Amino acid sequence: MSDEKTKIWITVATVNNFTEADQIRITLKEKYESVKVKRGGKGGDIFRVKAWNPPPPPKEIIKKEKTYIKKGINHQRRQKHDNKKIRH
């Protein structure tokens with residue numbers, strides 16, 4: 001199986017005849033990348049207009065730089081650990 005996820009279709013409209021569903025499909029073609037009409041219901045008399053758009057690309061993660069205390073600067077190290085309890 002491929003690594004691609006399946007498309008998640010959203011139901012835009014539900015109508016009782018194909019001509020209305022087809023008109024809605026034609027108008028939605030401008031807004032969505034893929035639009036389809038699915039037939040359903042008990043006797044096949046319900047038509048659902050479904051639409052899909054590709055997901056947006058993932059955002060780039062910006063890593064924060066860690067601030068390291070240079071060796072030999074004991075004053076900063078002591079300030080960093082001043083809040084800790086001292087064990088005797």
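Our structure's up above, just so we're on the same page.
The present account deals with the structure reproduced in this document. This structure is a prediction, so every number in the text was calculated from the model and none was measured. (Residues numbered from 1 in each chain as written. Predicted model: local features only at pLDDT ≥ 70, side-chain atom pairs only at ≥ 80, totals over all residues. Heavy atoms only, no water.)

**Digging into the overall build of the protein**
Scanning the protein from terminus to terminus reveals 2 helices and 3 strands. Along the protein, from the amino end to the carboxyl end, the secondary structure elements read β-α-β-β-α. In the protein, the share of contacts with a sequence separation of at least 24, taken over all contacts with a separation of at least 6, comes to 43%. Surface exposure of the protein reaches about 9,000 Å², of which carbon and sulfur atoms provide 51%. (Helix = DSSP H or I, 4+ residues; strand = E, 2+ residues; numbered from the N terminus. Contact = heavy atoms within 4.5 Å. Areas by Shrake-Rupley, 256 points an atom, 1.4 Å probe, with all protein chains shown as cover.)

**Considerations on the nonpolar core**
If you look at the biggest cluster of nonpolar residues, it comprises 9 residues: Ala-13, Val-15, Ala-21, Leu-28, Tyr-32, Val-35, Phe-47, Val-49 and Ala-51. Elements supplying a minimum of two residues to this core: strand 1 (10-15), helix 1 (18-28) and strand 3 (46-52). Residue contributions to this core peak at 3 residues, all from strand 3. If we skip the residues at most four places from it in the chain, Tyr-32 touches Ile-10, Val-12, Ala-51, Trp-52 and Asn-53. (Core = buried A, V, L, I, M, F, W, Y, C linked by side-chain atoms within 4.5 Å. Buried < 20%, exposed > 50% of the residue type's maximum accessible area, 1.4 Å probe, protein only.)

**Here we look at the packing of aromatic side chains**
To describe a pair of aromatic rings, one takes the distance between the centres and the angle between the planes. Evaluation of the coordinates by the stated rule reveals 2 aromatic pairs. Arranged with centres 5.8 Å apart and planes meeting at 70°, the rings of Phe-18 and Phe-47 form a pair that is edge-to-face. Separated by 29 residues along the polypeptide, Phe-18 in helix 1 and Phe-47 in strand 3 bring together distant segments of the chain. Positioned above the aromatic ring of Trp-52 is the side chain of Lys-7, whose terminal nitrogen or guanidinium carbon lies 4.3 Å from the ring centre. Here the guanidinium or amino end of Lys-36 rests over the ring plane of Trp-9, the centre of that ring lying 4.0 Å away. (Phe/Tyr/Trp six-rings, centres within 6.5 Å; stacked < 30°, edge-to-face > 60°. Lys NZ or Arg CZ within 6 Å of the ring centre and 35° of its normal.)

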